[in-house]
Amino acid sequence: MISQTSSADIQQIIRRTRSGKIAVSCKYKNKFIPRFLIGIVILCLLSLVYLDINWIKLALRLPDIGGIFWELAHFNFANFDLILPAILETVSIAVLSLLYSLLLGIFFGMFAARNIFRITWLSVFTQAFFTFLRAVPTPIWVLLMLVCLGMGPEAGVAGLCVHTTAFFTKSFAQTFESIPEETLEALAVTGTSRLNIFTNAVLPAAFSQIVAWIGMRLEINFSECAILGMIGAGGVGFVISRNMQNYDYGTAGLAIFLVFLIAYSIERLFVFVKQKSA
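Here the structure is a predicted model, which is why all the values come from computation and not from measurement.

A. Geometry of the packing of helix H6 (residues 138–149) against helix H10 (residues 207–228). At a minimum axis separation of 11 Å, H6 and H10 run at an interaxial angle of 60°. It follows from the interaxial angle that H6 and H10 lie oblique. Seen from above, H6 lies across H10 with right-handed handedness. Taken together, the residues of H10 that come into contact with H6 (itself represented by Thr138, Pro139 and Val142) are Arg217, Glu224 and Leu228. Here the contact of H6 with H10 is built from residues that sort into three nonpolar, one polar and two charged.

B. Geometry of a nonpolar patch on the surface. A surface patch of nonpolar side chains, amounting to about 1200 Å² of accessible area, comprises Val41, Leu45, Leu48, Tyr50, Leu51, Ile53, Trp55, Leu58, Leu62, Ile65 and Phe69. Here Leu51 falls in the exposed class, since its relative accessible area comes to 55%.

C. View of the packing of H6 against helix H7 (residues 153–177). At a minimum axis distance of 8 Å, the contact between H6 and H7 shows a crossing angle of 135°. With respect to each other, H6 and H7 are oriented oblique. Crossing geometry of H6 relative to H7 is assigned as right-handed. Contacts between H6 and H7 involve Thr138, Trp141, Val142, Met145, Leu146 and Leu149 on the former and, on the latter, Glu154, Ala155, Gly156, Ala158, Gly159, Leu160, Val162 and His163. Of the residues in the contact of H6 with H7, the class split is nine nonpolar, four polar and one charged.

D. Spotlight on the packing of aromatic side chains. Applying the stated criterion across every chain, the model contains 16 aromatic pairs. Pairing Phe111 with Phe117 gives two aromatic rings, centres 5.4 Å apart and planes at 15°, and the pair type is stacked. Its relative accessible area of 22% is what places Phe111 among the partly exposed residues. Look at Phe125 and Phe129: their rings are 6.5 Å apart centre to centre, the planes differ by 15°, and that puts the pair in the stacked class. Residue Phe125 and its partner Phe129 are both found in helix H5 (residues 120–135); the two are separated by four residues, about one turn of the helix.

E. Looking closely at unusual backbone geometry. Look at Arg118: it is not a glycine, yet its phi comes out positive at around 60°. Here Arg118 shows up in the loop between helix H4 (80–112) and H5. For Arg118, a relative accessible area of 36% puts it in the partly exposed group. Its identity is not glycine, yet Tyr247 carries a phi of approximately 60°, on the positive side.

So, how was this worked out
- Residues numbered from 1 in each chain as written.
- Predicted model: local features only at pLDDT ≥ 70, side-chain atom pairs only at ≥ 80, totals over all residues.
- Heavy atoms only, no water.
- Axes fitted to C-alpha atoms, helices over the stretch in contact; angles between N-to-C directions.
- Helix = DSSP H or I, 4+ residues; strand = E, 2+ residues; numbered from the N terminus.
- Parallel < 35°, antiparallel > 145°, perpendicular 65-115°, else oblique.
- Left-handed = near helix turned anticlockwise from the far one by under 90°.
- Contact = heavy atoms within 4.5 Å.
- Nonpolar A, V, L, I, M, F, W, Y, C, P; charged D, E, K, R; others polar.
- Patch = residues over 30% accessible without salt bridge, like charges linked within 9 Å, V, L, I, M, F, W, Y side chains within 5 Å.
- Areas by Shrake-Rupley, 256 points an atom, 1.4 Å probe, with all protein chains shown as cover.
- Salt bridge = Lys/Arg side-chain N within 4 Å of Asp/Glu carboxyl O.
- Buried < 20%, exposed > 50% of the residue type's maximum accessible area, 1.4 Å probe, protein only.
- Phe/Tyr/Trp six-rings, centres within 6.5 Å; stacked < 30°, edge-to-face > 60°.

Here it is, written out as C-alpha coordinates:
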(Lines give C-alpha, C1' and ligand atoms only; values in the text may rest on other atoms or scores of the structure.)
Protein backbone atom coordinates (compact mmCIF):
# COMPACT_ATOMS: atom_id res chain seq x y z
CA MET A 1 0.00 0.00 0.00
CA ILE A 2 1.40 3.40 -1.00
CA SER A 3 1.52 6.01 1.74
CA GLN A 4 0.06 9.49 1.33
CA THR A 5 3.54 11.03 1.28
CA SER A 6 4.66 8.66 -1.47
CA SER A 7 1.52 9.38 -3.48
CA ALA A 8 2.11 13.11 -3.20
CA ASP A 9 5.69 12.66 -4.36
CA ILE A 10 4.56 10.59 -7.34
CA GLN A 11 1.94 13.17 -8.30
CA GLN A 12 4.56 15.92 -8.09
CA ILE A 13 6.90 13.96 -10.37
CA ILE A 14 4.05 13.42 -12.86
CA ARG A 15 3.31 17.17 -12.95
CA ARG A 16 6.98 18.00 -13.51
CA THR A 17 7.20 15.38 -16.24
CA ARG A 18 4.22 16.92 -18.05
CA SER A 19 5.88 20.32 -17.83
CA GLY A 20 8.97 18.85 -19.50
CA LYS A 21 11.30 19.38 -16.54
CA ILE A 22 12.38 16.94 -13.84
CA ALA A 23 14.35 18.34 -10.92
CA VAL A 24 17.31 16.13 -10.07
CA SER A 25 19.04 16.74 -6.77
CA CYS A 26 21.22 14.83 -4.37
CA LYS A 27 19.82 14.53 -0.88
CA TYR A 28 23.16 13.81 0.75
CA LYS A 29 25.71 16.23 -0.62
CA ASN A 30 29.37 15.78 0.25
CA LYS A 31 30.85 19.24 0.71
CA PHE A 32 34.40 17.88 0.94
CA ILE A 33 34.62 16.84 -2.73
CA PRO A 34 34.10 20.34 -4.24
CA ARG A 35 36.58 21.79 -1.76
CA PHE A 36 39.09 19.08 -2.62
CA LEU A 37 38.72 19.74 -6.38
CA ILE A 38 39.07 23.50 -5.83
CA GLY A 39 42.24 22.86 -3.83
CA ILE A 40 43.66 20.76 -6.68
CA VAL A 41 42.94 23.55 -9.18
CA ILE A 42 44.63 26.10 -6.91
CA LEU A 43 47.70 23.86 -6.55
CA CYS A 44 47.90 23.45 -10.33
CA LEU A 45 47.76 27.23 -10.83
CA LEU A 46 50.42 27.83 -8.16
CA SER A 47 52.62 25.17 -9.79
CA LEU A 48 52.33 26.88 -13.18
CA VAL A 49 53.24 30.22 -11.62
CA TYR A 50 56.20 28.75 -9.73
CA LEU A 51 57.62 26.86 -12.72
CA ASP A 52 57.32 29.93 -14.94
CA ILE A 53 57.02 27.87 -18.13
CA ASN A 54 57.87 29.66 -21.34
CA TRP A 55 54.79 28.69 -23.35
CA ILE A 56 55.96 30.51 -26.47
CA LYS A 57 59.21 28.57 -26.54
CA LEU A 58 57.29 25.36 -25.89
CA ALA A 59 54.92 26.04 -28.78
CA LEU A 60 57.84 26.75 -31.12
CA ARG A 61 59.52 23.48 -30.15
CA LEU A 62 56.45 21.30 -30.68
CA PRO A 63 57.24 20.58 -34.35
CA ASP A 64 60.63 19.23 -33.25
CA ILE A 65 58.87 16.53 -31.22
CA GLY A 66 57.25 15.15 -34.35
CA GLY A 67 60.62 15.18 -36.10
CA ILE A 68 62.27 13.19 -33.30
CA PHE A 69 59.53 10.56 -33.34
CA TRP A 70 59.87 10.34 -37.11
CA GLU A 71 63.60 9.62 -36.72
CA LEU A 72 62.88 7.04 -33.99
CA ALA A 73 60.45 5.25 -36.31
CA HIS A 74 63.26 4.57 -38.82
CA PHE A 75 64.60 1.45 -37.12
CA ASN A 76 68.28 0.66 -37.48
CA PHE A 77 68.95 -3.10 -37.26
CA ALA A 78 72.72 -2.74 -37.62
CA ASN A 79 73.22 -2.85 -33.84
CA PHE A 80 70.61 -5.51 -33.11
CA ASP A 81 73.36 -7.77 -31.72
CA LEU A 82 73.84 -5.15 -28.95
CA ILE A 83 70.13 -4.57 -28.30
CA LEU A 84 69.14 -8.23 -27.87
CA PRO A 85 71.53 -9.02 -24.97
CA ALA A 86 70.49 -5.76 -23.28
CA ILE A 87 66.81 -6.73 -23.63
CA LEU A 88 67.49 -10.18 -22.16
CA GLU A 89 69.42 -8.59 -19.29
CA THR A 90 66.49 -6.24 -18.60
CA VAL A 91 64.01 -9.12 -18.57
CA SER A 92 66.27 -11.10 -16.25
CA ILE A 93 66.56 -8.18 -13.81
CA ALA A 94 62.80 -7.66 -13.82
CA VAL A 95 62.03 -11.36 -13.31
CA LEU A 96 64.61 -11.92 -10.55
CA SER A 97 63.59 -8.82 -8.62
CA LEU A 98 59.95 -9.87 -8.96
CA LEU A 99 60.59 -13.43 -7.73
CA TYR A 100 62.56 -12.39 -4.65
CA SER A 101 60.09 -9.62 -3.84
CA LEU A 102 57.11 -11.95 -4.30
CA LEU A 103 58.37 -14.31 -1.61
CA LEU A 104 59.28 -11.47 0.73
CA GLY A 105 55.99 -9.66 0.02
CA ILE A 106 53.90 -12.72 0.95
CA PHE A 107 55.95 -13.21 4.13
CA PHE A 108 55.77 -9.59 5.32
CA GLY A 109 52.22 -9.15 4.02
CA MET A 110 51.19 -11.90 6.42
CA PHE A 111 52.40 -9.76 9.33
CA ALA A 112 51.05 -6.52 7.89
CA ALA A 113 47.51 -7.89 7.55
CA ARG A 114 45.46 -7.26 10.69
CA ASN A 115 43.34 -10.39 10.37
CA ILE A 116 46.08 -13.05 10.28
CA PHE A 117 47.92 -13.01 13.62
CA ARG A 118 45.79 -10.24 15.17
CA ILE A 119 48.79 -8.48 16.73
CA THR A 120 47.97 -4.81 16.26
CA TRP A 121 51.38 -3.34 17.04
CA LEU A 122 53.08 -5.80 14.65
CA SER A 123 50.73 -4.90 11.79
CA VAL A 124 51.13 -1.16 12.40
CA PHE A 125 54.93 -1.39 12.62
CA THR A 126 55.21 -3.53 9.46
CA GLN A 127 52.95 -1.20 7.47
CA ALA A 128 54.80 1.91 8.67
CA PHE A 129 58.22 0.45 7.86
CA PHE A 130 57.30 -0.57 4.34
CA THR A 131 55.50 2.73 3.76
CA PHE A 132 58.85 4.40 4.34
CA LEU A 133 60.56 2.04 1.88
CA ARG A 134 57.82 2.64 -0.68
CA ALA A 135 58.00 6.43 -0.28
CA VAL A 136 61.61 6.46 -1.51
CA PRO A 137 61.64 6.22 -5.35
CA THR A 138 63.19 3.18 -6.99
CA PRO A 139 66.04 5.12 -8.72
CA ILE A 140 67.26 6.31 -5.31
CA TRP A 141 67.36 2.75 -3.98
CA VAL A 142 69.24 1.66 -7.09
CA LEU A 143 71.74 4.52 -6.69
CA LEU A 144 72.32 3.45 -3.08
CA MET A 145 72.89 -0.11 -4.24
CA LEU A 146 75.28 1.12 -6.93
CA VAL A 147 77.36 2.72 -4.18
CA CYS A 148 77.30 -0.52 -2.16
CA LEU A 149 77.55 -3.13 -4.93
CA GLY A 150 79.10 -1.22 -7.82
CA MET A 151 77.92 -0.83 -11.40
CA GLY A 152 76.02 -3.72 -12.90
CA PRO A 153 72.77 -5.68 -12.85
CA GLU A 154 73.25 -6.72 -9.20
CA ALA A 155 72.49 -3.18 -8.09
CA GLY A 156 69.41 -3.10 -10.31
CA VAL A 157 68.05 -6.34 -8.84
CA ALA A 158 68.71 -5.26 -5.24
CA GLY A 159 67.29 -1.76 -5.71
CA LEU A 160 64.16 -3.03 -7.44
CA CYS A 161 63.69 -5.66 -4.74
CA VAL A 162 63.48 -3.03 -2.00
CA HIS A 163 60.70 -1.04 -3.64
CA THR A 164 58.89 -4.07 -5.09
CA THR A 165 58.85 -5.83 -1.72
CA ALA A 166 57.33 -2.73 -0.13
CA PHE A 167 54.72 -2.62 -2.91
CA PHE A 168 53.82 -6.30 -2.54
CA THR A 169 53.64 -6.07 1.26
CA LYS A 170 50.94 -3.41 1.11
CA SER A 171 49.08 -4.97 -1.82
CA PHE A 172 49.07 -8.48 -0.36
CA ALA A 173 48.10 -7.23 3.10
CA GLN A 174 45.06 -5.51 1.63
CA THR A 175 44.23 -8.66 -0.33
CA PHE A 176 44.50 -10.85 2.78
CA GLU A 177 42.33 -8.44 4.76
CA SER A 178 39.60 -8.71 2.11
CA ILE A 179 39.02 -12.37 3.04
CA PRO A 180 35.65 -12.68 4.88
CA GLU A 181 36.13 -12.55 8.64
CA GLU A 182 33.54 -15.29 9.16
CA THR A 183 35.72 -17.78 7.26
CA LEU A 184 38.76 -17.10 9.42
CA GLU A 185 36.74 -17.21 12.64
CA ALA A 186 35.15 -20.53 11.68
CA LEU A 187 38.58 -22.07 11.06
CA ALA A 188 40.01 -20.60 14.26
CA VAL A 189 37.20 -22.14 16.32
CA THR A 190 38.22 -25.61 15.11
CA GLY A 191 41.64 -25.11 16.73
CA THR A 192 43.56 -24.56 13.49
CA SER A 193 46.68 -22.45 13.96
CA ARG A 194 46.92 -19.02 12.39
CA LEU A 195 49.77 -20.15 10.14
CA ASN A 196 47.73 -23.09 8.83
CA ILE A 197 44.76 -20.79 8.25
CA PHE A 198 47.00 -18.50 6.23
CA THR A 199 48.58 -21.21 4.09
CA ASN A 200 45.48 -23.36 3.56
CA ALA A 201 42.69 -20.77 3.42
CA VAL A 202 43.91 -17.22 2.94
CA LEU A 203 46.50 -17.86 0.22
CA PRO A 204 44.23 -20.04 -2.00
CA ALA A 205 41.39 -17.52 -1.66
CA ALA A 206 43.67 -14.62 -2.59
CA PHE A 207 45.43 -16.43 -5.45
CA SER A 208 43.68 -14.69 -8.35
CA GLN A 209 44.31 -11.25 -6.84
CA ILE A 210 47.95 -12.14 -6.20
CA VAL A 211 48.33 -13.11 -9.85
CA ALA A 212 46.90 -9.74 -10.89
CA TRP A 213 49.33 -7.88 -8.61
CA ILE A 214 52.25 -9.94 -9.96
CA GLY A 215 51.35 -9.14 -13.56
CA MET A 216 51.02 -5.43 -12.90
CA ARG A 217 54.28 -5.27 -10.95
CA LEU A 218 56.21 -7.21 -13.60
CA GLU A 219 55.17 -4.59 -16.15
CA ILE A 220 56.31 -1.83 -13.79
CA ASN A 221 59.61 -3.56 -13.04
CA PHE A 222 60.35 -4.10 -16.72
CA SER A 223 59.60 -0.45 -17.52
CA GLU A 224 61.68 0.76 -14.58
CA CYS A 225 64.58 -1.43 -15.68
CA ALA A 226 64.64 0.48 -18.95
CA ILE A 227 65.07 3.69 -16.95
CA LEU A 228 67.49 2.31 -14.36
CA GLY A 229 69.85 1.19 -17.10
CA MET A 230 70.45 4.86 -17.86
CA ILE A 231 72.06 5.33 -14.43
CA GLY A 232 74.35 2.31 -14.69
CA ALA A 233 72.18 -0.57 -13.44
CA GLY A 234 72.46 -2.54 -16.68
CA GLY A 235 69.89 -3.42 -19.27
CA VAL A 236 68.38 -1.84 -22.35
CA GLY A 237 68.18 1.61 -20.74
CA PHE A 238 71.91 2.07 -21.23
CA VAL A 239 71.59 1.23 -24.93
CA ILE A 240 68.71 3.69 -25.37
CA SER A 241 70.49 6.47 -23.47
CA ARG A 242 73.80 6.03 -25.28
CA ASN A 243 72.25 5.98 -28.74
CA MET A 244 70.03 8.98 -28.00
CA GLN A 245 73.10 10.93 -26.91
CA ASN A 246 74.90 9.87 -30.09
CA TYR A 247 71.87 10.89 -32.23
CA ASP A 248 71.47 7.31 -33.42
CA TYR A 249 67.69 7.53 -33.22
CA GLY A 250 67.12 4.45 -35.39
CA THR A 251 68.84 2.13 -32.90
CA ALA A 252 67.21 3.84 -29.93
CA GLY A 253 63.81 3.64 -31.61
CA LEU A 254 64.19 -0.10 -32.23
CA ALA A 255 65.13 -0.67 -28.57
CA ILE A 256 62.13 1.40 -27.40
CA PHE A 257 59.80 -0.53 -29.70
CA LEU A 258 61.06 -3.86 -28.32
CA VAL A 259 60.50 -2.58 -24.77
CA PHE A 260 56.91 -1.73 -25.68
CA LEU A 261 56.40 -5.09 -27.41
CA ILE A 262 57.63 -7.08 -24.42
CA ALA A 263 55.63 -4.97 -21.94
CA TYR A 264 52.46 -5.52 -23.96
CA SER A 265 53.16 -9.26 -24.20
CA ILE A 266 53.58 -9.44 -20.42
CA GLU A 267 50.24 -7.71 -19.95
CA ARG A 268 48.38 -10.07 -22.28
CA LEU A 269 50.07 -13.12 -20.74
CA PHE A 270 48.92 -12.26 -17.23
CA VAL A 271 45.43 -11.39 -18.43
CA PHE A 272 45.25 -14.92 -19.86
CA VAL A 273 46.68 -16.47 -16.67
CA LYS A 274 44.22 -14.53 -14.49
CA GLN A 275 41.28 -15.67 -16.62
CA LYS A 276 42.37 -19.29 -16.35
CA SER A 277 42.94 -19.07 -12.58
CA ALA A 278 39.61 -17.33 -11.85
